[in-house]
Every structure is written in structure tokens, then in C-alpha cells.
2 protein chains.
Amino acid sequence: MSLVVVGSIAFDSVRTPFGERDRMLGGSAVHFSLAASFFADVRVVGPVGEDFGDEEHAVLNGRGVNTDDIERVEGGETFFWRGHYEFDLNTAHTDDTQLGVFGEFEPKLSEESRQADTLFLANIQPDLQREVREQCSGAGLVGLDSMNLWIDTARESLVRTIGGVDLVFMNDAEIRMLTGEPNLVRASRAVMEMGPRAVVAKQGEYGAALFTEDGFFALPAYPLETVNDPTGAGDSFAGGFLGYLSSAGEDAADDDLTLRRAMTYGSVLASFNVEEFGTERVRRLTRDEIDERYGEFRGMTSFDEVPAA
Amino acid sequence: MSLVVVGSIAFDSVRTPFGERDRMLGGSAVHFSLAASFFADVRVVGPVGEDFGDEEHAVLNGRGVNTDDIERVEGGETFFWRGHYEFDLNTAHTDDTQLGVFGEFEPKLSEESRQADTLFLANIQPDLQREVREQCSGAGLVGLDSMNLWIDTARESLVRTIGGVDLVFMNDAEIRMLTGEPNLVRASRAVMEMGPRAVVAKQGEYGAALFTEDGFFALPAYPLETVNDPTGAGDSFAGGFLGYLSSAGEDAADDDLTLRRAMTYGSVLASFNVEEFGTERVRRLTRDEIDERYGEFRGMTSFDEVPAA
């Protein structure tokens, strides 16, 4: 199965209480595709500037991610974000944003990307998300992320875009904001009434919750003693989730059990992502490590059995 | 098995976006004992004023709670709290507190209460908690709750008190505050190093997490569409938890599986508590309803099976 992600490709300068890094490879499409690459053939679509070179391509290609649809804009600069996190790591504070070539981005999918089975619309302007979704009309499974900025400035367009996707991944606060409904159960149902068959509420250090027509499932975040950099956790989650789902065959998103397993793989990938800065941990991650942590999640959530010590 | 709780008995005036109530029966010892009463013989210890009458006793006695150790102070007034919650129900705002007889409270346990197997020290001044713990020297299982006020004003005493208990129930933010450690895994381990064998981090709408020497377990909150009044949720949680544990026999707290089941019963009781105002829902709750919701928790947390629709 083939999976396409459209979103930002960036350089991130990040400072946390545990260190800092300057101009690391980042961006939602990058974190997503590295995570998804453990499960599916991934193509990444997004713009970069002249400052994006072989080293960055090598990180993606090293995980088998196809970068043919990365559009290099002559004379342009890659999207740049500088931010920091306070002691508790819960909130990202933006210190600088340089949109660069991302400000003029008009997604053009190659013929190969248009034929993907699975599509992830990372957090970009909802009009653009809808254009991409129309270009990729054959995709049987489409996920979307968004943010408070678009709820504030382009709510109507966002609601239309949500109407054309299968799965919505958003922070719980944003799901409440989008729907004006403080109760998360009702808010998630209101999002499903816009069209999607499932809503994933991302809850940061508390994990994530899955709402479907038939049920509710929630998973804690993996209990890490060392979190160095939360940047990209949500996109890694979505990458693990949709990557696994894409590998689980047609109609996988109709089956609640498969969705629950996707939640778990998403949580596993997010947990590895935050252990180190940027893509440092995920780029050397192995499938065995993923499967081991997946098993640990079972041991953390069952009250019918406890894992052997 | 017999269980004693020492804490506040109160009248609460509460306003939420969904209604308000004036001078309802409340207080940590009340919410705890009603929840625990489904599993164990409960005795409640705490002071009340002349305004506390037969109607209030009847609520407790109606659930089989022994009120012989409620100390009625002539000429005194029962602890009174007035508060309100904003739209998202996450934060309680205090509008008025009248300590009344609670300000002079010197716990004196009857001979029967001193012989309890299980003791819960609800959120009161840590010197008093320690005195109670000493009076109840034979209790094989002791739990404790506390709050930011005591971390700020009596930290040293609180740490000593924690050194003499088996289980600590605190909000995750307070566990971080107590230990000065923003990472919850490390913070909980630091609390265990003070003496307790397990730490329960209460996480409000996100559920609760259990830390023991051997493992980690987390449970989401039950997904309610209607939450009317969160007051007493934490004490109902502790009541369901310790009530079940007390019924599970000696050394129950040494077994991680039993602790996990206690977490689930705690979550079940908390979820019923918040459905209506004050004690309204729990006072007419049945054991069948508890067991049904316990089963639903299994269905919400497994990624090996989904419940039948």
C-alpha cells in the first residue's frame, strides 16, 4: 500500500530544559513520513528552498521515504521555526517563524502520488488540504490534522475539508474549540457529524483517545523518564497510526480493533520521537524496538493481567 | 474488613454551567465513605456543627456508613465551601470558605475506629494526618491525599506523614510540586522513596495513573457526555479504590493486579459521582451499576478485543 503526506518540511531550532539544537530537519511531513515508513511505502510532498540539501534527503531516503515530490524552489528558503519549551515541556513557545517557500506553496502531486491509497493532510491551510484531497481522489483512506490558527481564521473552509476525510487527528482543546462544545465526547461526535468516521483526540502527555460511531478507546502516553523534545510528537503519532492502518488492508478504518491497534502504534512512534531532539531517535529506530514497546503498552493497560517483572 | 476515613464533612454550595445547589452535603470524608461503602464497612471521623442533622446522617447511614465517630460540636457550624466551575469544569474556583468547627478539629478516634484494618487520611493538615495515623497504629493499609496548600505551608510535615503511609493519592500537578520534578515518572518515584509502596496520580478528565516499584498502569476517565459537578471526584476515586482494596484481603496492596482493579473501581465511582451534583448520584447507585461500568472499562482499554456493539 502507498501512503502520501502533504505538509511542511522545515528547519527547526529548538531549546528545551535538556538541550538545544540549531536548524534540525523537521516539519510535520518529515516527522509523519519517518514514523509511517516502518509500515508503508511513503511519499512526501512539500516545498523546500535552496538550503535543503543532500543531507536532509538522506535522512528521508535512509528510511525508504520517496522524496521525488519534494519541490525545490530556486532562490527560496526552507520554512524555519524557532521555539522553546518550559520546564514541563507541555507548551511550545514560538520565538520566530520564517515561512519561506512554504508561504507560496501550491501543492502539485505527481501521477504516482495521486494514485496513493492513503493520504495524510498535515497541518496546512484548509483550502490547500482540500485541493490536495481532490488531486488524490482515489485514496480510500484520508486523515487530516489542523490547528487553532485555522479554526480562528478559516473555520468554514476547515469544516468543508473535514467533510471529505475519514479520520481527524486534533488536540483535544482544538476539537472543543472547533465545535464550541466543552465536553469531549459530544465535541468528537460533532466532528464525526461533519463527515469523518473516526476522531482521534491527541492529549499530549496524557496520551490519546479514539472516538468512533461504535465506541471509545483511550491509551496513555508511554511513561518516559526522559523527554528531550516534544516537537513532532503529534505527527509521529499520526504517522505510526496511518502507516499501520495503510498496511492493514482495505477497509481497515472500518474495524474498531484495527483502529485501536493503530492508536497503539501511533503512541509507540510518538514516544520514541520525544526521547531525543528532532528526528534523532526515529531515524535509527528499528522495527523490533517498535514491536517491543507495543507489547509494553499491553502490559500497561490491562487490569486482567500484569506483565512478568 | 473495616475502613476508617478521617477528613472534612461539609456543606457545599456549588454552581456549574449546568445548574447550582445550595448547602449540599459534601466534604472529602463524605464522598470517600459513600464510594467505599459498596465494598467495605466504613466508619467516618470528622467534626460537624449544630447545623448538621438527621437528614445528613441518613444519607451516610443509608449506605451503611457508621457515623458514631462524627463529632458534633455544640454551638459550632459545619465546614462550608462555596465554589463554581467554568464551562470546561476543569478548575474549581473558591468563592467562600467558612472553616467553622473544622478549624479546631482534633481527631479522636474511638476504640472501634482505632482497630480498623484500612485507613484513609483525606486532605487535612499533615500534622493531624500523622496524629490519626498514630492512633490507628494497627492499620495494615493506609492511604493519604493532600493538596498544594500543605505543600506550600507544611511541606516538611507532609513528607514525614507520607513516610508512614502505603498509598499516596494526589493530583499529578501536586506530585510534581511536592517533588520539584516536572517528569511524572521521576516525580512519582521520588514520592515512593519517601516511603509509600504506590503512588496514584489523579489526572482529572484524563483519568489516573498508578506507579509501583514494578510497573506502570494508566486508565482513562469514563467518557461521560454529561458531567454536572466534579466536586468530590477525587475522594470518590479514593473511596472506590481503597474500599475495593480493603475487601481484597491482607497484603492486597502488594499485588499489582489487585491495585489495577482498585484503580478501575476508583474510576467507576468517580465517574458516577460527577454525573450529578454532590452525593445525588452515588447515594442511589447500585452494585450492579458499578459492575456493569467496570466491564465497560475493559472494553475501552483493550486493543486485543473490542466489546460487542
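In what follows, the structure referred to is the one given above.
Residues numbered from 1 in each chain as written. Chains lettered and ligands numbered in written order. Predicted model: local features only at pLDDT ≥ 70, side-chain atom pairs only at ≥ 80, totals over all residues. Heavy atoms only, no water.

So, about unusual backbone geometry. The general pattern is negative phi for most residues beyond glycine and trans for most peptide bonds. Residue and element names in this part refer to chain B. Even without a glycine there, the phi angle at Arg-23 is positive, about 50 degrees. If you trace the backbone, Arg-23 turns up in strand S3 (residues 19-26). The class for Arg-23 is partly exposed, based on a relative accessible area of 37%. Located in the positive-phi region is Asp-251, a residue other than glycine, with phi close to 65 degrees. Turning to its location among the elements, Asp-251 is positioned in the loop between helix H9 (233-247) and helix H10 (256-275). Using a relative accessible area of 54% as the deciding quantity, one classes Asp-251 as exposed. (Helix = DSSP H or I, 4+ residues; strand = E, 2+ residues; numbered from the N terminus. Buried < 20%, exposed > 50% of the residue type's maximum accessible area, 1.4 Å probe, protein only.)

Residues and elements named next belong to chain B. With mixed pairing, 4 strands are arranged side by side in an open sheet as S3-S2-S6-S7. The open sheet terminates on both sides in strands that have one partner only, identified here as S3 and strand S7 (92-98). Each strand of the sheet is rotated relative to its neighbour by a mean of 15 degrees, with strand direction disregarded. Here 6 bridges tie strand S2 (residues 10-16) to strand S6 (residues 79-85), and the two strands are oriented parallel to one another. Bridging across to S6, Arg-15 finds its partner in His-84. (Pairing = 2+ DSSP bridges. Axes fitted to C-alpha atoms, helices over the stretch in contact; angles between N-to-C directions.)

Residue and element names in this part refer to chain A. Per the stated rule, a full pass over the model turns up 36 salt bridges over all chains. Arg-23 is the partner of Asp-51 in a salt bridge, and the nearest nitrogen-oxygen pair spans 3.2 Å. In this pair, Asp-51 sits in the loop between strand S4 (41-48) and helix H2 (54-62) while Arg-23 sits in strand S3 (residues 19-26), placing the two residues 28 residues apart along the sequence. Classification of Asp-51 by relative accessible area gives partly exposed; the value is 29%. Among the charged side chains, a salt-bridge network with shared partners connects Glu-275, Arg-281, Glu-289 and Arg-293. (Salt bridge = Lys/Arg side-chain N within 4 Å of Asp/Glu carboxyl O.)

Contacts between the two partners involve 40 residues from chain B and, on the opposite side, 40 residues from chain A. Summed over both sides, the interface between chain B and chain A buries roughly 3600 Å², with carbon and sulfur atoms accounting for 56% of that surface. The largest contributions to the chain B side of the interface with chain A come from Tyr-206, Glu-225 and Phe-303 of chain B, which together make up 23% of the buried area. On the surface where chain B and chain A come into contact, there are 6 salt bridges. The salt bridge partner of Glu-225 of chain B is Arg-189 of chain A, with a shortest N-O separation of 2.5 Å. Counting every contact that joins chain B to chain A gives 24 residue pairs in polar contact (both at pLDDT 80 or more). When residues of the side of chain B that touches chain A are traced back to their parent elements, those giving at least two are helix H7 (172-179), helix H8 (184-192), strand S13 (216-219), H10 and helix H11 (287-301) of chain B. Considering each element in turn, the side of chain B that touches chain A owes the most residues, 6 residues, to H11 of chain B. (Contact = heavy atoms within 4.5 Å. Buried area = accessible area lost by both parts, 1.4 Å probe. Polar contact = N/O pair within 3.5 Å; in protein donor to acceptor, adjacent residues only side chain to side chain.)

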